[in-house]
Amino acid sequence: MAEIINVAGVDSQATIDTMIKRLQHIKWGEKAGQQNLEAEEKVIEFMDYLDVNSYEIKWLSIDEVPETIGRLTFEGSEMWEALKGIPDELSNKIKQAGHEKYLLEIGDLVPELIFHGAYSHLFQQFEEKKTIEHLVGLAMYVSVMACTAELAGEENIFLPIVELIEAGHLPIGPEGNTFYLL
């Protein structure tokens, strides 16, 4: 297998490359607007990883996304309180293992590898520029975090969100303790 990110001597080389390839093959938002119980189960699994118990999942139609994105706020969000420290935790573990240069490579390369595919798929489904920008930004963030978790060599708490997106659905984000899903 050709290496996408060369993390020679790091046990997670294959899993990082596998994750990147998975992310590159996603048809971002392919099933947007179609409710699905398995997608909700992936959100529940993610919330369980975060140890978040107080939330509500709300499905959106494609038409509701632009207005909802404008209201999103991390304020009062139990999910955000649990999630906000994870990037630093992963970064510290990676630095302690002496793999900081690989973390920088993930941060540089992964957004570039994901951007065009995500943009292409999302542009076909959404008309509003701010909606597309939000969703592409989300795609890049989730992708970087999933690869960073792989590099840290721990259980990848972002895997349920990757699986949710692979299934064609999109996590839109929180408004307080309401988690919007498309």
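Thresholds applied
Residues numbered from 1 in each chain as written. Predicted model: local features only at pLDDT ≥ 70, side-chain atom pairs only at ≥ 80, totals over all residues. Heavy atoms only, no water. Helix = DSSP H or I, 4+ residues; strand = E, 2+ residues; numbered from the N terminus. Rg over C-alpha atoms; globule rule 2.2 N^0.38 Å. Buried < 20%, exposed > 50% of the residue type's maximum accessible area, 1.4 Å probe, protein only. Contact = heavy atoms within 4.5 Å. Lys, Arg positive; Asp, Glu negative; His and termini not counted. Charge placed at Lys NZ, Arg CZ, Asp CG, Glu CD. Phe/Tyr/Trp six-rings, centres within 6.5 Å; stacked < 30°, edge-to-face > 60°. Expected span 1.5 Å × (residues − 1). Arc of directions from axis to C-beta. Bend = angle between axes of the 7 residues up to and from the residue.

Peer 1: Just checking my understanding: could you explain the overall build of the protein chain for this structure?
Peer 2: Broken down by element type, the protein chain carries eight helices and three strands. When the elements of the protein chain are put in sequence order from the N terminus, they spell out α-α-β-α-α-α-α-α-α-β-β. The C-alpha atoms of the protein chain give a radius of gyration of 16 Å, which matches the 16 Å a tight globule of 182 residues would have. Principal-axis analysis of the C-alpha atoms places the extent of the protein chain at approximately 45 × 35 × 25 Å. In the protein chain, which comprises 182 residues, the share counted as buried stands at 44%. Taking the contacts inside the protein chain whose residues are at least 6 apart along the sequence as the reference set, 75% of them involve residues at least 24 apart. On the protein chain, the mean spot of the 13 positive side-chain charges and the mean spot of the 32 negative ones are 3 Å from each other.

Peer 1: How should I be thinking about the packing of aromatic side chains in this particular structure?
Peer 2: The relative placement of two aromatic rings is captured by the distance of their centres and the angle of their planes. Enumeration according to the criterion identifies four aromatic pairs in this entry. Here the aromatic rings of F115 and Y119 are separated by 5.7 Å at their centres, their planes lie at 20°, and the arrangement is stacked. Placement of the pair is F115 and Y119 together in helix α6 (residues 100-125), with a separation of four residues, close to one helical turn. For Y119, a relative accessible area of 34% translates into the label partly exposed. The rings of F115, Y119 and F123 are connected pair by pair, giving a single aromatic cluster.

Peer 1: Honestly, helix α2 (residues 37-50) in this entry has me stumped. Any pointers?
Peer 2: Over its 14 residues, α2 runs 20 Å from end to end, which matches the ideal 20 Å to within 8%, given 1.5 Å per residue. For α2, every residue scored as buried is listed here: A39, V43, F46, M47 and L50. Around the axis of α2, the buried residues are gathered within 100° of arc, so they sit on the same side. Exposed side chains of α2 directed beyond 90 degrees from the buried face belong to L37 and D48. Among the residues trailing α2, D51 stands out with phi positive, at a value near 60°.

Peer 1: What exactly am I supposed to notice about α6 here?
Peer 2: The first and last C-alpha atoms of α6 sit 37 Å apart over 26 residues, in line with the 38 Å expected at 1.5 Å per residue. Along α6, the sharpest change in direction is near 35° and occurs at F115. Inspection of α6 places Y102, L103, I106, V110, P111, I114, A118 and L122 among the buried residues, and these make up the whole buried set.

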